[in-house]
Amino acid sequence: MENGDERAYGRRTFLAVTAVGLSSLVWGRTVWNAVSGAAQPFKDVAPGLFPGWRIYTVAATMPRFDPLTWRLTVDGLVERPLSLDIEQLRALPRAEQVSTFHCVTGWTVGDVHWAGVRFDDLLALARPTAEAKALTFTSAESPYTDSLTLDQAELKDVMLAYGMNGKPLSRPHGAPVRVVIPDMYGYKNVKWVRRITLTRTPEVGYWEQNGYDVDAWVGRSNGF
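Along each chain, residue indices are assigned from 1 in the same order as the chain's sequence is written. Totals for whole chains, interfaces and linings use every residue, but because this is a predicted model, local features are given only for residues with pLDDT of at least 70 and side-chain atom pairs only at 80 or more, for both listing and counting. Hydrogens and water molecules were not included; the side-chain quantities draw on all heavy atoms of the structure.

**Considering the packing of aromatic side chains**
Short version of the rule: Only rings of Phe, Tyr and Trp enter the pairing, Trp through its six-membered ring, and a pair is recorded when the two centres are within 6.5 Å. The plane angle decides the type: under 30 degrees is stacked, over 60 is edge-to-face, the rest tilted. Where helices and strands are cited, they refer to DSSP runs of H or I of at least four residues and of E of at least two residues respectively, numbered from the N terminus. Only protein chains enter the accessibility calculation, which uses a 1.4 Å probe. A residue is then buried if its area is under 20% of the maximum for its type, exposed if over 50%, and partly exposed in between.
The tally for this structure, following the rule as stated, stands at nine aromatic pairs. For the pair Phe-119 and Phe-137, a centre-to-centre distance of 5.7 Å together with 55° between the ring planes defines the contact as tilted. Remark: Phe-137 occurs in strand β5 (residues 134–139) and Phe-119 occurs in helix α4 (residues 119–126); sequence separation between them is 18 residues. As far as the burial class goes, Phe-119 and Phe-137 line up, both buried. Arranged with centres 5.5 Å apart and planes meeting at 20°, the rings of Tyr-144 and Tyr-206 form a pair that is stacked. Here the residue Tyr-144 occupies a position in the loop between β5 and β6 (145–149), and Tyr-206 occupies one in the segment after β10 (193–199), the gap between them amounting to 62 residues.

This is the structure we're talking about:
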């Protein structure tokens, strides 16, 4: 999902829903009756603005990006803590990719063009210690956090993205930077990232505290 995923509703229901197509949810009476007790759908806060996408939030409002004051903090188990402004981040080696975004509730958007920084290049500046095995991402959308292992963050198609479809990230899509990990469902693709903390073990994130899987692999996880 786009950060504020709808509440997980079980593997059988998930398969029933996705059977009607990954690109949209068609809630028939039988399916809705099956999930209505377990899922309280979040409101799409930008309906129709981004075709194919549903924009969810867990806070009352979406964070705003001020390039004059914004800093990305990288701390925790590192030899060199960082505080980077957006231009310093964009000065790092640029990576681009085209991938598919999957929401655990059943919709998907294909051929998304991302631009950003690979975590290998970012972490090379911070120099993680030998004890560091995971990253915790803190969103400006409090209280949203989530985590990845270092091995997951260093997969070839994982990045901290600042661009989407040839433009800077928009506010609804997580400006100025967000996590992109195409092989995991959207709730692991943290938006509005302001802090990355290196830790010994993955920390339990916002949606994991509400029953979702810690490892949200597409096709191998139903979100909880």
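Once the structure has been displayed, the description carries forward.
**Some points on the nonpolar core**
Keep this limit in mind: To qualify as a nonpolar core, a set must consist of buried Ala, Val, Leu, Ile, Met, Phe, Trp, Tyr and Cys residues joined through side-chain atoms within 4.5 Å. Any pair of residues with heavy atoms lying within 4.5 Å of one another is described as a contacting pair.
Counting residues in each nonpolar core, the largest one holds 42 residues, and the members touching the most others are Leu-89, Phe-119, Leu-122, Leu-160, Ile-196 and Leu-198. The dominant element in this core, judged by the number of residues it contributes, is α4, at four residues. For Phe-119, the residues in contact, after removing those within four places along its chain, are Leu-135, Phe-137, Ala-153, Val-158, Met-159, Leu-160, Val-179 and Ile-196. Grouped together as the second largest cluster of nonpolar side chains are 18 residues, Phe-101, Cys-103, Val-109 and Ala-175 included.

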